[in-house]
Structures are given as structure tokens and as C-alpha cells.
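# Close look at the chain arrangement
The primary structure of each chain is shown beneath.
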Amino acid sequence: QVQLVESGGGLVQPGGSLRLSCAASGFTFSSYAMSWYRQAPGKERELVASITSIGGSTNYADSVKGRFTISRDNAKNTVYLQMNSLKPEDTAVYYCYARWLYSNYWGQGTQVTVSS
């Protein structure tokens, strides 16, 4: 059974940091490119960051460049999103996404709220 389980979300003040984790199981994690998406209320889901299967290349949305870092540990079947200098506009549900050829999976999401 394929599972992507996100954790690490919560309430943080502007300027603060959070580290999201996504634990994968049920598929060959090291073969999959991994991404983080987010969806704010009333908005479309958007790509935040992505990383290739062996972690050699990363990509970020312009809105998070320099503040967020995506990484992965293939030995632990886990992908991370380190989020620094958080802003209120980063408030959203964050989703983990796995993709390889025609196969893809979504996690259930974790809420991140940035507010004072």
C-alpha cells in the first residue's frame, strides 16, 4: 500500500521556521522525483519545490527561493522541506508529491499557518 505521510506543520510567527517531512512507503522511493506543493484557501495548488530522484537537482518557486530548501534521504524514504523566514502568505496546506514516469502519488497534506 502506497503511503505519503506529511508531518511538521503547525502555527508559526512571521519570520519563524518549520521543517516539513514526508515519509514514503509502498513504492521504490529512490526512483521517484519528489515535490512539495501548497494550496491556500481559494487558490489553486502550486508547486513549491522539487528534487530529482537522486537529489542532484532542485527547483523552487520564485516566491520561496532563498527561504525554503528541499532535500531527501533515500535511506530513510523521506523528503524534507526546510522553511525559513516564513511569511503570512506562506499559509497553506502543504502536500508531498511523488512522480516517476506515469506513476504519481499525493500525500494527505499538512497545514502551515504563519500568523502573529
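Up top is the structure.
Bear in mind the structure is a predicted one, so any value in this text is a computation, not a measurement.

### A few points about the overall build of the chain
What the chain contains, in helices and strands, is zero helices and 11 strands. Its helices and strands taken in sequence order, the chain reads β-β-β-β-β-β-β-β-β-β-β from the N to the C terminus. Across its three principal axes, the chain shows a C-alpha extent of roughly 40 × 25 × 25 Å. Per-residue burial for the chain yields a buried fraction of 41% across its 116 residues. The long-range share in the chain, meaning contacts at least 24 apart out of those at least 6 apart in sequence, stands at 52%. Accessible surface computed for the chain: about 6200 Å², of which carbon and sulfur atoms make up 47%.

### A closer look at the pattern of salt bridges
Side chains that differ in charge, positive against negative, can pair when their charged atoms come close. On inspection of all chains with the given rule, the structure shows four salt bridges. Of the charged contacts in the structure, one is a salt bridge between R38 and E46, with a shortest N-O distance of 2.7 Å. Notably, a salt bridge pairs D90 with R67, separated by 2.8 Å at the nearest N-O pair. One end of the pair, D90, is in the loop between β8 (78-83) and β9 (92-100); the other, R67, is in the loop between β6 (58-60) and β7 (68-73), with 23 residues separating them in the sequence.

### Concerning the pairing of β8
Taken across its six residues, β8 has five buried, putting it largely inside the fold. Sheet topology note: the strand β3 (residues 18-25)/β8 ladder contains six bridges and is antiparallel. The residue of β8 that forms the bridge with A23 is T78. Pairing analysis gives six bridges linking β7 to β8, with the strands arranged antiparallel. Bridge pairing links F68 to M83 in β8.

Definitions and cut-offs
Residues numbered from 1 in each chain as written. Predicted model: local features only at pLDDT ≥ 70, side-chain atom pairs only at ≥ 80, totals over all residues. Heavy atoms only, no water. Helix = DSSP H or I, 4+ residues; strand = E, 2+ residues; numbered from the N terminus. Buried < 20%, exposed > 50% of the residue type's maximum accessible area, 1.4 Å probe, protein only. Contact = heavy atoms within 4.5 Å. Areas by Shrake-Rupley, 256 points an atom, 1.4 Å probe, with all protein chains shown as cover. Salt bridge = Lys/Arg side-chain N within 4 Å of Asp/Glu carboxyl O. Pairing = 2+ DSSP bridges.

Remember, this is a structural readout, not a statement about activity or role.
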